[in-house]
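# Breakdown of the fold
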Amino acid sequence: MTTVLYGQEHLASFDATHAVQLRLLDGPLDLAWKHSSMTSDFIAEMMALRFRPSKRRYNQVRQDIGYLTNELIENAIKFRAPGEIAIEAMAEDDNFKMRISNFVDRQTAARFQRLLSSITQGDPSDLLIQQIEASAKMAGSGSGLGLLTLMSDYKADLAWLFEEDRPRNRAKLETYAAMPISPS
C-alpha cells in the first residue's frame, strides 16, 4: 500500500483522545452540502463555548472554526467515494485541530495530489493571489482557493495523507488542520 503525505508533516500525528468525534454516514438521504454546514456549525459552537464570557472572542472563534470546518467538510462530501466521513475536532489552549477521514476514487486522488503539489509550494498569500487571477480567466472547480484562503487568511496549517487501496480502486484520505484561536 502506497502512502503519500502533502503539507505539514507534524499534523499527521493527531491524537484524538480528547476530540469530539462525528461520523457522517451514507444513507437513503445521501450526504449533501447542507450536512457540511450543519456539522460545521455544531463543531464551531462546541469549540467556542469556553469563550462565551467574551462575546467578541466567542463570535470570532466560532466564525473562524466554522469557516475552516465547513471548507474541509464540504471538500470531503464533494469529492468522496461512497462511504462514511469521520470527523475529529478539538480545541487545546489557543489552538484548534481536526482530522477528516474519507475515501476518494483513484482519479480524484490523482487530481487532488496534483493540486496539492502546486498549492503547498510557496507562500500561501502569493499563491492565493495567483490562483484568484487564474480562476477569473477560467471557470471550473478544484481551484484550491478555499484551501489557500485557509492557509493565507486564517493561518491554518494543513496536511493530507493518502493511503492507496488498490483492490477497491480508491484511496483513504485524511485531511489534517491546525489553526490558532484568536487571542483577543
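Please refer to the structure higher up on the page.
This structure is a prediction, so every number in the text was calculated from the model and none was measured.

### What to know about the pairing of strand β5 (residues 157-165)
Every other side chain in a regular strand lies on the same face of the sheet, so the side chains alternate between the two faces. The buried fraction of β5 amounts to seven of the nine residues, a majority that puts the element mostly inside the structure. Two elements, strand β1 (residues 3-7) and β5, share five bridges in a ladder whose sense is antiparallel. Among the inter-strand pairings, Val 4 is bridged to a residue of β5, identified as Phe 162. Direction of pairing for β5 relative to strand β6 (residues 170-180): antiparallel, over a ladder of nine bridges. Directly across from Asp 165, in β6, lies its bridge partner Arg 170. Hairpin connection from β5 to β6: four residues lie between these consecutive antiparallel strands, with Asn 169 at a positive phi of about 55°.

### Structural notes on the pattern of salt bridges
Per the counting criterion, the structure on display carries 11 salt bridges. The partner of Arg 106 in a salt bridge is Glu 164, with the nearest N and O atoms 3.8 Å apart. One end of the pair, Arg 106, is in helix α3 (residues 106-119); the other, Glu 164, is in strand β5, with 58 residues separating them in the sequence. Here Glu 164 falls in the buried class, since its relative accessible area comes to 17%. Overlapping salt bridges, with partners in common, bring together Glu 45, Arg 52 and Arg 62 in one network.

### Some points on helix α5 (residues 145-153)
The α-helix advances 3.6 residues per turn, and as a result positions three or four apart in sequence lie on the same side. Taking burial as the measure, the nine residues of α5 include seven buried ones, the bulk of the element. Packed against the buried residues of α5 are α2 (55-78), α3, α4 (124-137) and β5. With its phi angle positive at about 55°, Lys 155 sits one or two positions after the end of α5.

### Focus: the sheet that holds strand β3 (residues 85-92)
Strand order in this open sheet of six strands is β1-β5-β6-β4-β3-β2, and the pairing throughout is antiparallel. The sheet is open, and its two edges are formed by β1 and β2 (20-24), each paired on a single side. Ignoring strand direction, the axes of neighbouring strands in this sheet form an average angle of 15°. The sheet contacts of α2 involve β2, β3, β4 (95-105), β5 and β6, and relative to β4 the element is tilted by about 10°.

### Things to note about a nonpolar patch on the surface
On the surface, Phe 42, Met 46 and Leu 49 cluster together into a nonpolar patch covering about 260 Å² of accessible area. Its place among the elements puts Met 46 in helix α1 (residues 33-48).

### Focus: the packing of α3 against α5
Orientation of α3 relative to α5, taken along the N-to-C sense of each, is 30°, at an axis distance of 11 Å. The orientation of α3 relative to α5 falls into the category roughly parallel. Note that α3 runs across α5; the crossing there is right-handed. The residues of α5 that touch α3, namely those facing Phe 112, Leu 116 and Ile 119, are Leu 147, Leu 148 and Met 151.

Parameters and conventions
- Residues numbered from 1 in each chain as written.
- Predicted model: local features only at pLDDT ≥ 70, side-chain atom pairs only at ≥ 80, totals over all residues.
- Heavy atoms only, no water.
- Buried < 20%, exposed > 50% of the residue type's maximum accessible area, 1.4 Å probe, protein only.
- Helix = DSSP H or I, 4+ residues; strand = E, 2+ residues; numbered from the N terminus.
- Pairing = 2+ DSSP bridges.
- Salt bridge = Lys/Arg side-chain N within 4 Å of Asp/Glu carboxyl O.
- Contact = heavy atoms within 4.5 Å.
- Axes fitted to C-alpha atoms, helices over the stretch in contact; angles between N-to-C directions.
- Patch = residues over 30% accessible without salt bridge, like charges linked within 9 Å, V, L, I, M, F, W, Y side chains within 5 Å.
- Areas by Shrake-Rupley, 256 points an atom, 1.4 Å probe, with all protein chains shown as cover.
- Parallel < 35°, antiparallel > 145°, perpendicular 65-115°, else oblique.
- Left-handed = near helix turned anticlockwise from the far one by under 90°.

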